[in-house]
Structure formats: C-alpha cells, structure tokens
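# Descriptive analysis of the structure
Spelled out from the first residue to the last, the chains are:
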Amino acid sequence: MDDLQALLQQLPEKPEWVMAELEQRAQAGDALAQFVLGQACMEGRACSVDSDAGMAWFERSANAGLPLAMNMLGRCHELGQGTPVNHELAAVWYRQAADKGLDWGMYNLANLLATGRGVPCDEAAAYALYLRAAEAGHAKSMNLVGRCLEEGRGVAAEPSAAPAWYRRSAEAGDFRGQASHASLLLAAGDVDEAVRWLRLALAQGSPSFLQQLRPQLALSPHAAVRALVGSPPAA
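Residues numbered from 1 in each chain as written. Predicted model: local features only at pLDDT ≥ 70, side-chain atom pairs only at ≥ 80, totals over all residues. Heavy atoms only, no water.

## A short note on helix H6 (residues 87-99)
Across its 13 residues, H6 extends 18 Å between first and last C-alpha, which sits within 8% of the 18 Å expected from 1.5 Å per residue. What H6 keeps buried is the set Ala-90, Ala-91, Trp-93, Tyr-94, Ala-97 and Ala-98. Buried residues in H6 make contact with helix H4 (51-63), helix H5 (67-79), helix H7 (103-115) and helix H8 (123-135). A distance of 3.1 Å separates the backbone nitrogen of Glu-88 from a side-chain oxygen at the start of H6, and that oxygen is part of Asn-86. Once H6 ends, the next one or two residues include Gly-101, with phi positive near 95°. (Helix = DSSP H or I, 4+ residues; strand = E, 2+ residues; numbered from the N terminus. Expected span 1.5 Å × (residues − 1). Buried < 20%, exposed > 50% of the residue type's maximum accessible area, 1.4 Å probe, protein only. Contact = heavy atoms within 4.5 Å. Polar contact = N/O pair within 3.5 Å; in protein donor to acceptor, adjacent residues only side chain to side chain.)

Take a look at the structure:
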C-alpha cells in the first residue's frame, strides 16, 4: 500500500510512466492497483474517461477479494457506469463489501434497503447497517442514524438521541449532517453557530443538495441565514 501511494504521488509529474506502471501491476494481478486503475479510468485521471474499462478493472479487483472494488462495482451497477443500471446486482456487490466490513458498502446497501431498490424495502435492516457504518466512523451514515431516530424509520423514534448523531456527522465533515446540525441549532436560537455550519454545508454540498437547501435558507426568519443564499462559499 505504501509503495502504491509513493507511486501515485508521482502522477502529476510523470503521468504516462505512472499509468504504465499501474497497468503492469494490475495485469500481474495486484488487486489494489486494479482498483486504482479503475478509478483513474472512471475519473479520467492521466487518461481519457473510459467507464467500460473502469468497470472491468473494478470487476477484476472485486473478484480478487478487495472490498473497495466490490463497493465500486456496486456503484457501477447502481448508476449505470460501464454497464446498464441493475439494482439487484448493485445490492449483491454492496452486500459483499458490507460483509467484509467496509463502511461504504454498508451505507450503500442500506440506501437500497431503505428505498426498496433491487431488494425488498426493509427500513429496520437499513437502520442496522447505517448504525454499523456510523459506529465505524462513516459520516454520512451518522446523519442518517440521526434521521432514522428522529423520524422513527426502522427503529423506535427517539428524537432526543438524534442531535448527537447530527453533530457527529457535521464534525466528521458530511454536508448533510452539517445542515441537520444547523437546523437544530436554529431551533435552539443559536443563529451564529448555525450560520457557521451552514457555510460549511454550502461550500461542500452537491448541486442537488444545494438546489434543495438554498430555497429553504431564503425563507428563514433570520436575516443572517437568508444572507447565505447569495454569499460566496466558505474558504
């Protein structure tokens, strides 16, 4: 792993040499090199974007037993990257990654279970997976544990337990957790602290998340919150 990281550090200066070295290792059966090469193909790093090749490398790496690749192969099937969308196969690969202890596999499988995509809807099983991933340090799962506790999804409602999970998610860097934490701070009257967390959420949020959040902020009774809608991202 350290040897591979040292190789990747040279990517900006020697992209062609590094990619050739990666492919040599991947062709020789190095599962981690196969995974990294798959990511490079998917993202177009030091090569043109090639989803088909990316998925093929993820598949080789996953079949060699690498949980990270199992999870990414699930993503390929879920999102239709290099293959048609197939939620059933996505669930199969997420489950394999989750069974290997990978927090992202737990989180992604939980999302399918919570929405009934590729597997029967099972909110209790989804909550259990979110909790396992959250306890392993997965920031997005921490936020969803809070949401499940607040709304009683897959677990008996316990709103008083939700704020601690939102805060943990926010502190771990998840933009949805930051927004959830800020919402409770606003309800408690701590506008300045809420604005601080909202700035972070706005700076890191995905386009779809920001499209939902900004109109909500514009309707806030607090001027400092409304001002965030037109403010530049946090540094």
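## Remarks on the side chain of Thr-83
With respect to the helices, strands and loops of the structure, Thr-83 is situated in the loop between H5 and H6. Residues contacting Thr-83, with those up to four places away along its chain left out, are Met-55, Cys-76 and His-77.

## Let's talk about the nonpolar core
By size, the foremost hydrophobic cluster in this structure holds 27 residues, and its most contacted members are Met-19, Leu-22, Phe-35, Leu-37, Phe-58, Ala-62 and Leu-73. If you tally residues by element for this core, the top one is helix H3 (residues 31-43), at eight residues. Residue contacts for Phe-35: discarding those within four places in its chain leaves Phe-58, Ser-61, Leu-66, Leu-68, Ala-69 and Met-72. Grouped together as the second largest cluster of nonpolar side chains are 22 residues, Tyr-107, Ala-134, Val-145 and Cys-148 included. (Core = buried A, V, L, I, M, F, W, Y, C linked by side-chain atoms within 4.5 Å.)

## Looking at the environment of Arg-214
By the secondary structure assignment, Arg-214 is in helix H13 (residues 207-218). Through-space distance from the C-alpha of Arg-214 to that of Leu-202 is 8.5 Å; in sequence the pair is twelve residues apart. Those residues in contact with Arg-214 that sit more than four places away from it in its chain are Leu-202, Leu-228 and Val-229. A polar atom in the side chain of Arg-214 sits 2.7 Å from the backbone oxygen of Val-229.

## Some thoughts on the pattern of salt bridges
Throughout the structure, instances matching the rule amount to ten salt bridges. A salt bridge links Arg-75 to Glu-78; the nearest nitrogen and oxygen atoms lie 3.6 Å apart. Residue Arg-75 and its partner Glu-78 are both found in helix H5; the two are separated by three residues, about one turn of the helix. A relative accessible area of 12% places Glu-78 in the buried class. (Salt bridge = Lys/Arg side-chain N within 4 Å of Asp/Glu carboxyl O.)

## Points about the layout of surface pockets
Computed from the structure, the largest pocket encloses a volume of approximately 790 Å³. If you list the elements that add at least two residues to the lining of the largest pocket, you get H7, H8, helix H9 (139-151), helix H11 (175-187) and H13. Counting residues per element, the lining of the largest pocket draws most heavily on H11, which supplies eight residues. When its residues are assigned to classes, the lining of the largest pocket shows 19 nonpolar, seven polar and eight charged. In this structure, the second largest pocket spans a volume of roughly 280 Å³. (1 Å grid on protein atoms, 1.4 Å probe; cavity = no way out; pocket = protein on both sides within 12 Å on 5 of 7 lines; lining within 4 Å. Points joined across faces, edges and corners; volume = space filled by probe spheres on them. Nonpolar A, V, L, I, M, F, W, Y, C, P; charged D, E, K, R; others polar.)

## Things to note about the environment of Gly-74
You can see Gly-74 is positioned in helix H5. Sequence-wise, Gly-74 and Glu-16 are 58 residues apart; in three dimensions their C-alpha atoms are separated by 29 Å. Setting aside its immediate chain neighbours within four residues, Gly-74 contacts Ala-90, Trp-93 and Tyr-94.

## Brief notes about the packing of aromatic side chains
For the coordinates displayed, the defined rule picks out four aromatic pairs. Here the aromatic rings of Phe-35 and Phe-58 are separated by 5.8 Å at their centres, their planes lie at 40°, and the arrangement is tilted. Of this pair, Phe-35 sits in helix H3 while Phe-58 sits in helix H4, and the two are 23 residues apart along the sequence. Judged on exposure class, the residue Phe-35 and its partner Phe-58 are both buried. We note Arg-196 situated over the ring of Trp-197; from NZ or CZ to the ring centre the distance is 4.6 Å. (Phe/Tyr/Trp six-rings, centres within 6.5 Å; stacked < 30°, edge-to-face > 60°. Lys NZ or Arg CZ within 6 Å of the ring centre and 35° of its normal.)

## What about H5?
Across its 13 residues, H5 extends 18 Å between first and last C-alpha, which sits within 8% of the 18 Å expected from 1.5 Å per residue. Here H5 has its buried residues at Ala-69, Met-70, Asn-71, Leu-73, Gly-74, Cys-76, His-77 and Glu-78. Where H5 is buried, its residues meet H3, H4, H6 and H7. One or two residues past the end of H5 sits Gly-80, with phi positive at roughly 75°.

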